[in-house]
Amino acid sequence: MIDFSALLPPAVTADPQLTALELPRAVLMRVNFIPGVRQRLGWRGVKECTGNPGALTLKVVDAPGVFAICPQASDMDGEQGRALFDLYYFPAPEEDLVESFSIAAGITVLQDDFLDRVREFAGDEQLQALFKLATLQLSYNGNTGAVAVSFMAAERQLLISAEGVMISGIDGLQQAVEPGGVDQDLAAQTVMFPFFRALAASFSFCFAAAPNALLQLSRPGRKIIYYQQNRFESEFCYDSKERLLSLVWGEQRGLSIDDSEFPKLELNWRDPEEKPCEYADEPWWQKQVPGARFSVDKNTMGISEKPKLIILTGFLGAGKTSFLNHFIEYQARKNAFVAIIQNEIGAQGLDTKLLGQHYAVTEMDEGCVCCTLSGNLKLALAEILAGFQPDFVVVETTGLANPANFLSEISELEDQLDFCSITTLVDAAQGAAPLEKYGVAREQLMLADAVILNKIDQSSEEQLAQLTAKIQLLNPVASIYETCHGECSPAQIYGVNFAGQMRLPNDREKHGIHGHTHAEHGISSLLLDLPQSIGREQFLAATAKLPEQVLRVKGVLQFENEGDPLVYQYVPGSQTLSPAPEEDSGQRFLVFIGEDVQRSAESFLNTFI
Ligand SMILES: Nc1nc2c(ncn2[C@@H]2O[C@H](COP(=O)(O)OP(=O)(O)OP(=O)(O)O)[C@@H](O)[C@H]2O)c(=O)[nH]1
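Conventions used here
Residues numbered from 1 in each chain as written. Predicted model: local features only at pLDDT ≥ 70, side-chain atom pairs only at ≥ 80, totals over all residues. Heavy atoms only, no water. Helix = DSSP H or I, 4+ residues; strand = E, 2+ residues; numbered from the N terminus. Contact = heavy atoms within 4.5 Å. Areas by Shrake-Rupley, 256 points an atom, 1.4 Å probe, with all protein chains shown as cover. Salt bridge = Lys/Arg side-chain N within 4 Å of Asp/Glu carboxyl O. Buried < 20%, exposed > 50% of the residue type's maximum accessible area, 1.4 Å probe, protein only. Axes fitted to C-alpha atoms, helices over the stretch in contact; angles between N-to-C directions. Left-handed = near helix turned anticlockwise from the far one by under 90°. Nonpolar A, V, L, I, M, F, W, Y, C, P; charged D, E, K, R; others polar. Core = buried A, V, L, I, M, F, W, Y, C linked by side-chain atoms within 4.5 Å. Polar contact = N/O pair within 3.5 Å; in protein donor to acceptor, adjacent residues only side chain to side chain. Expected span 1.5 Å × (residues − 1). Bend = angle between axes of the 7 residues up to and from the residue. Near = heavy atom within 4 Å. Domains from an automatic or database assignment. Pairing = 2+ DSSP bridges. Phe/Tyr/Trp six-rings, centres within 6.5 Å; stacked < 30°, edge-to-face > 60°. Lys NZ or Arg CZ within 6 Å of the ring centre and 35° of its normal.

With that out of the way, let us pick up the overall build of the protein. Helix and strand counts for the protein come out as 20 helices and 25 strands. Taking as baseline every contact in the protein between residues at least 6 positions apart, the subset at least 24 positions apart corresponds to 70%. Put simply, the protein shows about 27,200 Å² of open surface, and 49% of that area lies on carbon and sulfur atoms.

So this is what it looks like as structure tokens:
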């Protein structure tokens, strides 16, 4: 029985249809975030389409273009789940292969916005019609745990233009394809096979098992004759075959592969027979990638195996999430994988949604921010380290957390993590006020290895100088960096190889800093459910009257008679409304943070509802 627990959450594995639908994505994301493994399995990288997180674009070693996969349909029959995916290849403009695509595809490839369109191909029907080359079928039996991955493609994808194709050239209109001539003759199976090869090898790696059956079936190919106004006919084409190649992990009987239209059985191999010679050298027979097992791959590459740990603190609204977004982007460009642990005040986990979905995120329970973080941090870290092999783990604490509270727990994980830095964001726009008022804001600074002075666009030079002097008084050893929107180079802060060492609790005790400070600051949080839609004017009038005890408000809301939901963010003195993340839970809410928030939230509600 294949163990899916490291790939999919239990709520998904309990549902065979969902499992069939989610499995390729889970496998592809997982292998692509383990640098040592990715390359060896044949991948160069993966990216989710923002409009459709189930749709991925991928680069494969040695293929200059971009491959893509997009879920198309799924169904279920008892314990059988099945899902179909469309597979695409978007050639690079300089590739000779472009000549074999249709004239319309060739023109599209040469347009300036082609690569931008490819990144968002899942919402682009024209692109899908021009570049779909194959289909993938995923079958899963919930009883036996068996999985079949079936690849369907034609030897030749032939398109005949009934009326011919004219294009405009230097000498005016020219006949590019004669009426009844071939517009496209593409070796679809050969073009797509490198993708299937790497995909199948990724399944074997994630399942830690090689396939134990292989089926190959075929049927006569077809050519498509197209007319104007989107009219199509299809005819058999006997000098081309369509093939279905199916690999099975686990018990083949009882797995429903939709192969009814493929009457001719060409190959039927089962373990322990000798492997079919045409596929004997394929990488999918290896259940382990040499030198790339979870525990040793980085060592064999001469890299320290332990992920670097960064603790990100900073008072409410200082810019932690903004900085984290840049940090992730910077690392993604360097092919490094960042795992994030966030502890959100309020149950909604808004920050997780505001960050892209490209990263593993473990949200911890809400509750007393300091203590809960302390209690669950080890668990969350252990979960991440068991499931992934991140290069960095960033713990983004709430604006009210005192890092001193969980430093001793982190020091217990010294053998699993390299401590890199406590990085503290400071809101230059708010100046020294939070530092003067809240002990926790001072302690976040006293503990910092690096201080990022953010929002300098909202502060005068004189105010900046005063604030810097205050910070230096509190923490004479931390380096201070000035930024806007958290945009600063991680290499500048942490050094090129991130050797920064976090001071451990024993050292800190000497500075007179102690744990658990949550009782002293008197700040609490409150979640306010909003009606599904609200009036824009009334809402803005109410926010204008927020009392100074309210330090932070954020949430998702929908204005009456307006298009999409919006994210609302408030810190004293400024508020923003921006488009909500694509993945919308449908819940409309605000989280209030501050002193006496109960009263503030009640009077807020009274003003505008
Ligand atoms: N003008 C300006 N606004 C900024 C800057 N950096 C962040 N912001 C805005 O400040 C607000 C808070 O930023 P976040 O990055 O969410 O801050 P945070 O520290 O994660 O906030 P919490 O989750 O409440 O702790 C958002 O509306 C940002 O767009 C900056 O440099 N200048």
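After presenting the structure, the write-up continues.
Okay, the pattern of salt bridges next. When their charged atoms lie close together, side chains carrying opposite charge are able to pair. Scanning the model with the defined rule gives 19 salt bridges in all. The partner of Arg-536 in a salt bridge is Glu-562, and the shortest N-O contact between them spans 2.8 Å. Residue Arg-536 is found in helix H19 (residues 536–544), and its partner Glu-562 is found in the loop between strand S22 (550–557) and strand S23 (566–571); the two are separated by 26 residues along the sequence. With relative accessibility at 33%, the residue Arg-536 sits in the partly exposed group. According to the relative accessible area criterion, Glu-562 is partly exposed, its value standing at 31%. Salt bridges sharing common partners tie together Glu-155, Lys-241, Arg-243 and Glu-266.

What follows covers the packing of H19 against helix H20 (residues 597–608). The contact between H19 and H20 brings their axes to 9 Å, and the two run at 145 degrees. Two packed elements cross with a definite hand, and for H19 against H20 that hand is right-handed. For the pair H19 and H20, the contacting residues are Gln-538, Phe-539, Ala-542 and Thr-543 in the first and Phe-604, Thr-607 and Phe-608 in the second. Taken together, the residues of the contact of H19 with H20 break down into four nonpolar, three polar and no charged.

Before going further, it helps to examine the nonpolar core. By size, the foremost hydrophobic cluster in this structure holds 76 residues, and its most contacted members are Trp-43, Phe-90, Phe-196 and Trp-284. If one sorts the elements of this core by residue count, helix H7 (residues 188–207) sits on top with 14 residues. When neighbours within four sequence positions are excluded, Phe-90 is seen to be in contact with Gly-65, Val-66, Ala-68, Phe-114, Val-118, Phe-121, Leu-127 and Phe-131.

One can find Gln-558 in the loop between S22 and S23. Assessed through its relative accessible area of 13%, Gln-558 is described here as buried. At a separation of 2.8 Å, a polar atom in the side chain of Gln-558 contacts the main-chain carbonyl oxygen of Glu-562. In this structure, Gln-558 is in contact with Gln-532, Ser-533, Ile-534, Gly-563, Asp-564, Pro-565 and Arg-588, ignoring residues within four places of it in sequence.

Attention now moves to H7. A rise of 1.5 Å per residue sets the reference length of H7, with its 20 residues, at 28 Å; its end C-alpha atoms lie 28 Å apart and thus fit the reference within 8%. At Pro-194, H7 is deflected by roughly 35 degrees, the largest bend along its length. Of all the 20 residues making up H7, 17 are buried; the element is thus mostly covered by neighbouring parts of the structure. Among the residues trailing H7, Ala-208 stands out with phi positive, at a value near 50 degrees.

Turning next to the site of the ligand. Around the ligand, 20 residues are found, and the nearest of them are Lys-320, Ser-322, His-485, Arg-552 and Lys-554. At 2.6 Å from an oxygen atom of the ligand is found a side-chain nitrogen or oxygen belonging to Ser-322. Protein burial of the ligand: of its 650 Å² of free accessible surface, 88% is covered by the chains. Elements supplying a minimum of two residues to the shell around the ligand: helix H9 (320–333) and S22. Taken together, the residues of the shell around the ligand sort by class into three nonpolar, ten polar and seven charged. Taken domain by domain, the shell around the ligand gets at least three of its residues from each of domain 2 (306–521) and domain 3 (524–608).

With that settled, the discussion passes to the environment of Thr-576. Assignment of secondary structure puts Thr-576 in strand S24 (residues 574–579). Note on Thr-576: relative accessible area 44%, which makes it partly exposed. Taking the C-alpha atoms as reference points, Thr-576 and Lys-554, 22 residues apart in sequence, are found 9.5 Å from one another. Beyond its immediate sequence surroundings of up to four residues, Thr-576 is in contact with Val-567, Tyr-568 and Gln-569.

So, about the environment of Val-165. Mapped onto the fold, Val-165 is located in strand S8 (residues 165–169). For the pair Val-165 and Val-177, spaced twelve residues apart in sequence, the C-alpha to C-alpha distance is 4.8 Å. Residues in contact with Val-165, not counting those within four places in the same chain, are Ile-103, Gln-174, Gln-175, Ala-176, Val-177, Asp-183 and Tyr-226.

Walk down a regular strand and you will see the side chains alternate between the two sheet faces. The element strand S5 (residues 132–141) is extensively covered by neighbouring structure, given that nine of its ten residues are classed as buried. Pairing geometry for strand S4 (residues 80–90) and S5, over nine bridges, is antiparallel. Residue pairing for S5: Leu-87 is matched across the bridge by Ala-134. Note that S5 and strand S6 (residues 147–154) share seven bridges and pair antiparallel. Across the sheet, residue Gln-137 finds its bridge partner in S6, namely Ser-150. In this antiparallel pair of consecutive strands, S5 and S6, the connection spans five residues, and Gly-145 shows a positive phi of 75 degrees.

This brings us to the packing of aromatic side chains. The final tally for this structure, using the stated rule, is 29 aromatic pairs. Consider the rings of Phe-203 and Trp-249, whose centres lie 5.7 Å apart with planes at 35 degrees: the pair is tilted. With Phe-203 in helix H7 and Trp-249 in strand S12 (residues 231–249), this pair connects stretches of sequence that are 46 residues apart. Across this residue pair, the class does not change: Phe-203 and Trp-249 are buried. These aromatic residues form a ring-pair network of at least three members: Phe-151, Phe-193, Phe-196, Trp-269, Tyr-279, Trp-284 and Trp-285. The cationic tip of Arg-231 hangs over the ring face of Tyr-227; the distance from NZ or CZ to the ring centre is 4.0 Å.

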